[in-house]
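Analysis of the macromolecular model
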Amino acid sequence: QQLMKMYPEAKVILTVRDSEGWYHSVRRTILDHYSSSKKFPTNIIADYPKAWSPLWYTDVDGTVGNANGVFGRVSAGEESASIFFQEWTKHVKHSVP
């Protein structure tokens, strides 16, 4: 939303896939890297959590916390992640003119 304010004429592309495939992909790739970045010695180099975009730990409604965003919801399981994915897709569709 911040970028839309800065660049109101820019185009936004929303790619959508099935939530089950998205969940398994995030679980196998991004979440594994995120989890390993919190362990010594990588945590010193990565400067966790500053190395991660707030998107990853912010819920659709703006609530911030590790349990609220992508990582927390994917860690909680497929059902929680699927709900997050569907809510996020709706949020983007509603927010983008």
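Residues numbered from 1 in each chain as written. Predicted model: local features only at pLDDT ≥ 70, side-chain atom pairs only at ≥ 80, totals over all residues. Heavy atoms only, no water.

Brief notes about helix α6 (residues 78–95)
An α-helix turns once per 3.6 residues; consequently, residues spaced three or four apart project the same way. Rule in force here: The helix and strand labels rest on DSSP assignments: H or I over at least four residues marks a helix, E over at least two residues marks a strand, and numbering proceeds from the N terminus. Every helix has an expected span of 1.5 Å times one less than the residues it contains. Every residue pair with non-hydrogen atoms within 4.5 Å of one another is taken to be in contact.
Here α6 is 18 residues long and its end C-alpha atoms lie 25 Å apart, about the 26 Å a rise of 1.5 Å per residue gives. Buried residues belonging to α6 abut α2 (19–28) and α5 (70–75).

Some details on the pattern of salt bridges
Put simply, the rule is: Between Lys or Arg on one side and Asp or Glu on the other, a salt bridge is scored when a side-chain nitrogen of the former is within 4 Å of a carboxyl oxygen of the latter. A 1.4 Å probe rolled over the protein chains alone gives each residue an accessible area, and that area as a share of the maximum for its type sets the label: buried under 20%, exposed over 50%, partly exposed in between.
Per the stated rule, a full pass over the model turns up one salt bridge. Arg73 is paired through a salt bridge with Glu87; the nearest N and O atoms lie 3.7 Å apart. In this pair, Arg73 sits in helix α5 while Glu87 sits in helix α6, placing the two residues 14 residues apart along the sequence. Overall, Arg73 belongs to the buried group, its relative accessible area being 12%. Glu87 gets classed as partly exposed once you look at its relative accessible area, which sits at 33%.

A closer look at a nonpolar patch on the surface
Here is the rule: Exposure above 30% relative accessible area and the lack of any salt bridge qualify a residue for a patch; like charges then connect within 9 Å, and the nonpolar side chains Val, Leu, Ile, Met, Phe, Trp and Tyr within 5 Å. Computed with a 1.4 Å probe, the accessible areas rest on the Shrake-Rupley method; for each residue, only the protein chains presented here act as cover.
On the surface, a cluster of nonpolar side chains totalling about 370 Å² of accessible area is made up of Leu3, Met6 and Tyr7. Tracing the chain through its elements places Met6 in helix α1 (residues 2–6). By relative accessible area, Met6 is classed as exposed at 55%.

A closer look at the packing of aromatic side chains
Rule in force here: Stacked, tilted and edge-to-face pairs are distinguished by plane angle, under 30 degrees for stacked and over 60 for edge-to-face with tilted covering the rest, among Phe, Tyr and Trp rings (Trp via its six-membered ring) whose centres lie within 6.5 Å.
Under the counting rule described, the total for this entry stands at one aromatic pair. Relative to Phe85, the ring of Trp22 lies with its centre 4.9 Å away and its plane at 35°, an arrangement referred to as tilted. Here Phe85 lies in helix α6 and Trp22 lies in helix α2, a separation of 63 residues in the sequence. A single burial state applies to Trp22 and to Phe85, both of which are buried.

Focus on the confidence of the model for the chain
Operational definition: What pLDDT expresses is the predictor's confidence in each residue, scored from 0 to 100.
For the chain, the average pLDDT comes to 75, and 62% of its residues sit at 70 or higher. Highest mean pLDDT in the chain belongs to α2 (90); lowest belongs to helix α4 (residues 42–46) (53).

Observations regarding the nonpolar core
Test applied: Put simply, buried Ala, Val, Leu, Ile, Met, Phe, Trp, Tyr and Cys residues joined by side-chain atoms within 4.5 Å make one nonpolar core.
Residues Trp22, Tyr23, Val26, Leu31, Val70, Phe71, Val74, Ala81, Phe84 and Phe85 constitute the largest nonpolar core, which totals ten residues. The set of elements that each furnish at least two residues to this core consists of α2, α5 and α6. Those residues in contact with Val74, other than ones at most four positions away along the chain, are Trp22, Tyr23, Val26, Arg27, Leu31 and Ala81.

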